[in-house]
Amino acid sequence: MNKNILSRKALRMIGILGATIAIAGCAGGETHPYSAKERLEKPVIFADGIVSRTDTQEFAGTFTPDGKTFFFARYDDRSRPIITSFKTEYKDGKWSEPERFALSNPDKDIVVTSISQDGTKMLLAIRMDKDGQKSGNSSIWMAKKEGDDWGGLEYVEALNSSAQDGSAVWTNSGVYFMSTREGASLYKAEYKDGKFEEPVKLDGSINEEGIISDVYVDPEESVMLFTKLITGPAVAQNGELFISYRKNGVWTKAERIVDPVISTSAMEEAAFLSPDGQYVFFTRYTGRGYDIYQVDRSSFPLK
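Computed from a predicted model, the values in this text were never measured in an experiment. (Residues numbered from 1 in each chain as written. Predicted model: local features only at pLDDT ≥ 70, side-chain atom pairs only at ≥ 80, totals over all residues. Heavy atoms only, no water.)

Asker: Any chance you could break down the overall build of the protein chain for me, citing the residues and the numbers?
Answerer: Counting its regular elements, the protein chain contains 2 helices and 24 strands. Working note: accessible area of the protein chain is about 13100 Å², and carbon and sulfur atoms make up 46% of it. (Helix = DSSP H or I, 4+ residues; strand = E, 2+ residues; numbered from the N terminus. Areas by Shrake-Rupley, 256 points an atom, 1.4 Å probe, with all protein chains shown as cover.)

This is the structure:
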């Protein structure tokens, strides 16, 4: 596979949420900005015309823990695509017109990949080296909340390598991320006393057979969703969604998601759960381009 294609694809698939989806009941009667009016048995485009548009390409995303702000990636210009992070906020019963995120750079690809459970720390993938220069590889950066805004970018030395690193996602104990330092594989680094420990490559049952390009792990580390690029007659070369469960502290052998509702002839990638765990969001490529979709968790092949 062409290295440049892999580099852009791996950054794009880092790491998601029509007209406006109305507030409605969910598990336990609790409602959230992303809660649908009716059960979403089939995937629908999230915030169609607001987040997902026909004149741009949107993919990958993450919510703040309260579900009131959504960060997502968008091709800035179809003729000279720069990946830019945008954010939308739920106000007055609807999602606001997305705005370019303040930390975005007009010359460098940037994706917000995860926000910590306490809402104070943000992880980003930026095609920029530690000296702030544009790079062919993505690196993991962090920003911390300062009042109502996000502070400056910090290069996360402990997680980065000379290869491509990205798709970092917070859990209650640390961070999972993708790196091409030993093939495109998944790693975990514990986060203790404000510092990241040495990253550990996940065992072969996760990293075998294929190129992993993005990952999501729930805060309790019970389920993992990721996209893997595999060549061969049985699997499309444009990527497939995989799932693994953590049992007795060990991740099970990853299984490809084969489902008539989710797995279509189009490309699906960058799946993740809503903050309340009731919905799955993912990116799908169709004739209109990349869009972000939402489906009820019970309609997604999750145990």
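Asker: Outline the pattern of salt bridges, listing residues and values.
Answerer: Tallying each qualifying case throughout the model produces 19 salt bridges. Here Glu41 makes a salt bridge to Arg39, at a shortest N to O gap of 3.1 Å. A relative accessible area of 46% means that Arg39 is categorised as partly exposed. Several salt bridges converge on common partners, so that one network encompasses Asp48, Arg288 and Asp291. (Salt bridge = Lys/Arg side-chain N within 4 Å of Asp/Glu carboxyl O. Buried < 20%, exposed > 50% of the residue type's maximum accessible area, 1.4 Å probe, protein only.)

Asker: Account for the nonpolar core, naming residues and giving values.
Answerer: Residues Phe70, Leu186, Ile206, Met224, Phe226, Phe300 and Leu302 are the most contacted members of the largest nonpolar core, which totals 49 residues. Beyond its immediate sequence surroundings of up to four residues, Phe300 is in contact with Leu225, Leu241, Ile257, Ile262, Val280 and Val295. Within the second largest apolar cluster, 13 residues are counted, among which are Phe101, Leu103, Met128 and Trp150. (Core = buried A, V, L, I, M, F, W, Y, C linked by side-chain atoms within 4.5 Å. Contact = heavy atoms within 4.5 Å.)

Asker: Please give an account of the sheet that holds strand β22 (residues 267–273) that cites residues and values.
Answerer: On the basis of which strands lie adjacent, the open sheet formed by 4 strands has the order β1-β24-β23-β22 and antiparallel pairing. Where the open sheet ends on each side, the last strands, each with one partner, are β1 (44–45) and β22. (Pairing = 2+ DSSP bridges.)

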